[in-house]
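One letter stands for each residue in the lines below.
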Amino acid sequence: MSHVVVLGAGLGGVLMAYEMKAKLGPSDKLTVVNLGPVYSFVPSNPWVAVGWRKREETSVELAPVFAKRGIALRPEGAKRVHPAENRIELTNGESVPYDYLIVATGPDLAFDEVPGLGPAGNTSSICHIDHAERARAAVGALIKSGGPAIIGAVQGASCFGPAYEFAFILDTALRRAKARDRVPMTFVTPEPYIGHLGLDGVGDTKGLLESAMREHHIKWITNAKVTKVESGKMFVEEVDEAGATKASHELPFAFSMMLPAFRGIPAVHGIEGLTNPRGFIAIDKYQRNPVFKNVFGVGVAVAIPPVGKTPLPVGVPKTGFMIESMVTATAENVAALIAGKEPEAVATWNAVCLADFGDEGIAFIAQPQIPLRNVNWSSQGKWVHTAKVGFEKYFLRKIRQGKSETFYERLALDALGIRKLKEIHTEPAA
Ligand SMILES: Cc1cc2nc3c(=O)[nH]c(=O)nc-3n(C[C@H](O)[C@H](O)[C@H](O)COP(=O)(O)OP(=O)(O)OC[C@H]3O[C@@H](n4cnc5c(N)ncnc54)[C@H](O)[C@@H]3O)c2cc1C
């Protein structure tokens, strides 16, 4: 009998639990340790922030679904992982021992790295449902009173898609409220160019996003380092290719939503051999930690090196489909170890992204996510908004039903030529 523990019940963790459960034998045990008993669909947060969704529409109570599937839930959350002792210390002081641990804890939001940044300071956030709900009130005030808005991400951020999404969604919400003419908007980003996305662009994301910003009257500052944020004022240094300051800006704002840099959560940060200096789980191509070989990592929690050199630090996004490929590979590999075999499954890390603008959007496929690529495609249209809404409904239903990949999803993925694991992508260890 093996005890597998999944740490974190977000997008990666819940799917991980479902896929792992399907591979375990009747005598094996599966436990999920999460901060709280609720799953929240993070990609809906930009809609929550403008009032197009409510918390209950994008959340799922996990206990009943897990109980039906025979998965134990510990909602106390982890205080510290002790990989040398094969146990997780919970916040209530109890311990959960494991034979195999899969870390899926998402990001710790590093607002503290820029003075005045974040919901406890002077800017809004959409990274968490609580933040998005608070942002909703701030958006309401903006619609009422008008004034400049700054949207974007700070240096070290890796998740740029939602920043662009939110800029265009806010633009749509303001237009619908007939308040857009009173809100000059600026997009502030450390990316070296609009549409870089931490991926050195995908297809023509540079051209598509620049053009969309011009059409929507959104100005931008790239290579932008936010040094501090005061109430109603953001201090930004614009750097040149060598990283030297070429202009300093003091930008007034009535509303600002800036994505922070991410780092690993405190429960794993600083564990020698387990994490990199930012606290992300070090993994090999099998999603497995090279030091603690019964520990795996999936999702935003894992360490991925940046794509090429940029004047300011710009991380690589870990997007939904890429995370799903990590999940599938990890389920295969943990099941192999339990069966006394060696891991061989390697995730493709393909990125399939739908960036919603509120009434249309941009889609891109990067296959694999990190260049050089076999597929490097982007496109724009109203269908993207429809597809994103459809995906939200479909994904939440999947979580509520306790299923990972349905037969129909597999068929659709096959038809599109996108597979979570590269065809017969197994790589035996040397
Ligand atoms: C606003 C936003 C929008 C996004 N939109 C998209 C999109 O449209 N498409 C796309 O492909 N990607 C999108 N992403 C990127 C990515 O898909 C999501 O961030 C996704 O939720 C990441 O999944 P995850 O499982 O790694 O982390 P999360 O979904 O964040 O889950 C982490 C889980 O770990 C838990 N946890 C944290 N600390 C502890 C602890 N100490 N103990 C126990 N549990 C803990 C948390 O409670 C949470 O349940 C978006 C990201 C953001 C921030």
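Criteria and thresholds
- Residues numbered from 1 in each chain as written.
- Predicted model: local features only at pLDDT ≥ 70, side-chain atom pairs only at ≥ 80, totals over all residues.
- Heavy atoms only, no water.
- Phe/Tyr/Trp six-rings, centres within 6.5 Å; stacked < 30°, edge-to-face > 60°.
- Helix = DSSP H or I, 4+ residues; strand = E, 2+ residues; numbered from the N terminus.
- Buried < 20%, exposed > 50% of the residue type's maximum accessible area, 1.4 Å probe, protein only.
- Lys NZ or Arg CZ within 6 Å of the ring centre and 35° of its normal.
- Pairing = 2+ DSSP bridges.
- Axes fitted to C-alpha atoms, helices over the stretch in contact; angles between N-to-C directions.
- Near = heavy atom within 4 Å.
- Polar contact = N/O pair within 3.5 Å; in protein donor to acceptor, adjacent residues only side chain to side chain.
- Areas by Shrake-Rupley, 256 points an atom, 1.4 Å probe, with all protein chains shown as cover.
- Nonpolar A, V, L, I, M, F, W, Y, C, P; charged D, E, K, R; others polar.
- Core = buried A, V, L, I, M, F, W, Y, C linked by side-chain atoms within 4.5 Å.
- Contact = heavy atoms within 4.5 Å.

> Any chance you could explain the packing of aromatic side chains here in plain terms?
To describe a pair of aromatic rings, one takes the distance between the centres and the angle between the planes. Under the counting rule described, the total for this entry stands at 9 aromatic pairs. Measuring from centroid to centroid gives 6.2 Å for Y18 and F66, while their planes differ by 85°, and the two rings are edge-to-face. Highlighted residues: Y18 in helix α1 (residues 11-23) and F66 in helix α3 (residues 62-69), separated in sequence by 48 residues. By the burial criterion, Y18 is buried, and F66 matches it. Ring pairing ties together the aromatic residues Y39, F41, F391, Y394 and F395, which thus form one cluster. Here the guanidinium or amino end of K228 rests over the ring plane of F235, the centre of that ring lying 4.6 Å away. The residue whose ring lies beneath K318 is F280, and the NZ or CZ to ring-centre distance is 4.1 Å.

> Honestly, the pairing of strand β16 (residues 245-252) in this entry has me stumped. Any pointers?
The side chains of a regular strand alternate between both faces of the sheet. The pairing of strand β15 (residues 233-239) with β16 spans 7 bridges and is antiparallel. Paired with E237 across the strands is S248, a residue of β16. The hairpin turn running from β15 into β16, its antiparallel successor, is 5 residues long, and G243 in that turn takes a positive phi close to 90°.

> Quick question: what am I supposed to make of the sheet that holds strand β14 (residues 224-230) here?
For sheets, the rule is that strands pair by backbone hydrogen bonds, running either parallel or antiparallel. Spatial strand order, β14-β15-β16: 3 strands in an open sheet with antiparallel pairing. Sheet topology places β14 and β16 at the edges, where each strand pairs with a single neighbour. Direction aside, the axes of adjacent strands within the sheet are offset by 20° on average.

> In this structure, what is going on with the site of the ligand? I would like to understand it.
Taken together, 30 residues surround the ligand, and among them G12, A78, V300, G320 and K388 come closest. A distance of 3.4 Å separates an oxygen atom of the ligand from a polar backbone atom of G10. Measuring from a nitrogen atom of the ligand, one finds a backbone N or O atom of L35 at 3.2 Å. With the chains in place, 87% of the 980 Å² that the ligand exposes on its own is no longer accessible. Of all the secondary-structure elements, those providing two or more residues to the shell around the ligand are α1 and α7 (320-338). When residues of the shell around the ligand are assigned to their parent elements, the largest contribution, 3 residues, is made by α1. For the shell around the ligand, the per-class residue count stands at 17 nonpolar, 11 polar and 2 charged.

> I tried to follow the nonpolar core on my own but got confused; where do I start?
As a rule of thumb, soluble globular proteins bury nonpolar side chains together. Within the largest apolar cluster, 118 residues are counted, with the highest numbers of intra-cluster contacts made by M20, Y39, I88, F166 and L170. Here Y39 is in contact with A9, G10, L11, V14, T58, S59, V60, L62, F395, L396 and I399, once residues within four sequence places are set aside. If you look at the next biggest cluster of nonpolar residues, it comprises 15 residues, including V154, I221, V226 and V229.

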